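# Structure assessment
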Amino acid sequence: MGSHAESPEHPETTDTVPTPATAAGQDGLRAILARPARTVIALDFDGTLAPIVPDPEQARAHPAAVPVLAALAPKVASVAVVTGRPAGVAVRHGGFAGVPGLDHLVVLGHYGAERWDARTGTVSAPAPHPGVAAVRAELPGVLDRVGAWQGTWIEEKGRALAVHTRRATDPQAAFESLREPLADLATRHGLIVEPGRMVLELRPPGMDKGVALLEYVREVGAEAVLYAGDDLGDLPAFAAVDKLRSDGVPGLLVCSGSSEVAELADRADLVVDGPAGVVHLLRSLADRLDR
């Protein structure tokens with residue numbers, strides 16, 4: 001299991017980079033510090049840059065996240081936010097647009113199906129999968145038949161749909177009761193189900209955070225990578241970093257600590273205390289690179 005780094009009360013003032021628990025993580029950190037201009041810093045949004053809240057529409061980046069990213073981004077090849085949210089939503093909730101210093105930031109939304117580039121301020125994306133519209137029409141009826149309306153709700157994500165159970169009387173029981181019927185619905189329309197923290201997302205296959213991260217790191221020609229996430233959907237990105245390591249690109253895996261996703265923490269080189277801990281880590285990297 002990765003080591004734990006406590007976030008200070010004031011994450012904007014630190015000059016100590018937390019030490020990864022693993023040899024591979026220590027190699028990754030050394031490479032980042034030695035070759036920052038060839039490094040990609042990749043970060044999940046919800047639970048990593050933004051605290052988890054009951055209503056995802058109310059999620060906002062940690063107050064210190066954007067200033068820290070603006071301090072770090074000019075020192076590295078790129079900062080990439082890799083999220084299941086639509087790219088434009090992540091940009092809006094993160095407050096990333098028009099920020100001095102964030103010229104090298106991209107948002108890979110919908111697991112990489114959409115891309116927002118700070119330099120142009122535009123989103124590029126392919127046509128939506130037709131199965132999403134079919135699932136959108138049928139999903140309310142499925143929830144009704146399962147008896148899962150109480151406390152659950154559907155998040156419209158444009159290229160995907162997500163069913164949240166966090167507000168249910170028994171969130172875990174509601175989550176488990178929906179796994180099979182939603183998997184059946186998704187399969188009938190050529191989609192897959194991505195489980196998360198009290199959420200089941202129905203989306204097109206072929207893209208995940210791992211695919212998005214690999215493609216982007218190779219596009220940039222990065223020689224080191226850091227990836228930070230908090231949820232099951234980040235496991236493919238962790239696997240992508242393992243793949244990059246095997247190809248000779250050092251990497252650092254960071255878990256934005258949560259007792260809900262022990263599997264991610266167990267695979268991380270470094271476990272930090274949620275978004276505040278991620279901010280602390282990024283600030284410590286920026287401060288070290290200043291010296």
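Relevant structure appears above.
Below is a summary of the structure that appears in this document. (Residues numbered from 1 in each chain as written. Predicted model: local features only at pLDDT ≥ 70, side-chain atom pairs only at ≥ 80, totals over all residues. Heavy atoms only, no water.)

Counted by the stated rule, this structure contains 24 salt bridges. The closest approach of N and O atoms between Asp27 and Arg30, which form a salt bridge, is 2.3 Å. Of this pair, Asp27 and Arg30 both sit in helix 1 (residues 23-34), separated by three residues, roughly a single helical turn. Among the ionic pairs, Arg203 bridges to Glu194, the shortest N-O distance being 2.6 Å. With respect to class, Arg203 is no different from Glu194; both count as buried. Sharing partners across several salt bridges, the network here consists of Asp242, Arg245, Arg267 and Asp269. (Salt bridge = Lys/Arg side-chain N within 4 Å of Asp/Glu carboxyl O. Helix = DSSP H or I, 4+ residues; strand = E, 2+ residues; numbered from the N terminus. Buried < 20%, exposed > 50% of the residue type's maximum accessible area, 1.4 Å probe, protein only.)

So, on to empty space enclosed by the protein. Applying the stated criterion across every chain yields a total of one cavity of 30 Å³ or more. If you add up the space inside the largest cavity, you get close to 430 Å³. Taken together, 26 residues make up the lining of the largest cavity; nearest its centre are Asp46, Lys157, His164, Val199 and Asp231. Every element with two or more residues in the lining of the largest cavity is listed here: strand 8 (161-164), strand 9 (192-195) and strand 10 (199-203). When the residues that make up the lining of the largest cavity are grouped by side-chain class, the tally is nine nonpolar, five polar and 12 charged. (1 Å grid on protein atoms, 1.4 Å probe; cavity = no way out; pocket = protein on both sides within 12 Å on 5 of 7 lines; lining within 4 Å. Points joined across faces, edges and corners; volume = space filled by probe spheres on them. Nonpolar A, V, L, I, M, F, W, Y, C, P; charged D, E, K, R; others polar.)

Two elements in contact, helix 1 and helix 9 (residues 274-290), have axes whose closest approach is 10 Å; the angle formed by their N-to-C orientations is 50°. By the angle class used here, helix 1 and helix 9 are oblique. Facing Leu29, Ile32 and Leu33 of helix 1, the residues of helix 9 in contact are Leu285, Arg288 and Leu289. Class assignment of the residues belonging to the contact of helix 1 with helix 9 gives a composition of five nonpolar, no polar and one charged. (Axes fitted to C-alpha atoms, helices over the stretch in contact; angles between N-to-C directions. Parallel < 35°, antiparallel > 145°, perpendicular 65-115°, else oblique. Contact = heavy atoms within 4.5 Å.)

Our next topic: the layout of surface pockets. Put simply, the largest pocket is a space of about 190 Å³. Contributing to the lining of the largest pocket are 13 residues, with Ala113, His129, Arg159, Pro204 and Pro205 lying nearest its centre. Its residues placed into classes, the lining of the largest pocket shows nine nonpolar, two polar and two charged.

All right, on to the sheet that holds strand 10 then. Taken in spatial order, the four strands make up an open sheet running 7-8-10-9, and their pairing is antiparallel. Of all the strands in the sheet, the pair left with one neighbour each is strand 7 (153-156) and strand 9. The average undirected angle you get between the axes of adjacent strands in this sheet is 25°. By the bridge criterion, four bridges tie strand 7 to strand 8 in an arrangement that is antiparallel. In the sheet register, Trp153 faces strand 8, and the bridge partner there is His164. Of the strands in this sheet, strand 7, strand 8 and strand 10 are in contact with helix 4 (residues 130-146), which crosses strand 8 at around 20°. Relative to the sheet, helix 5 (residues 171-188) contacts strand 8, strand 9 and strand 10, its axis offset from that of strand 10 by approximately 5°. (Pairing = 2+ DSSP bridges.)

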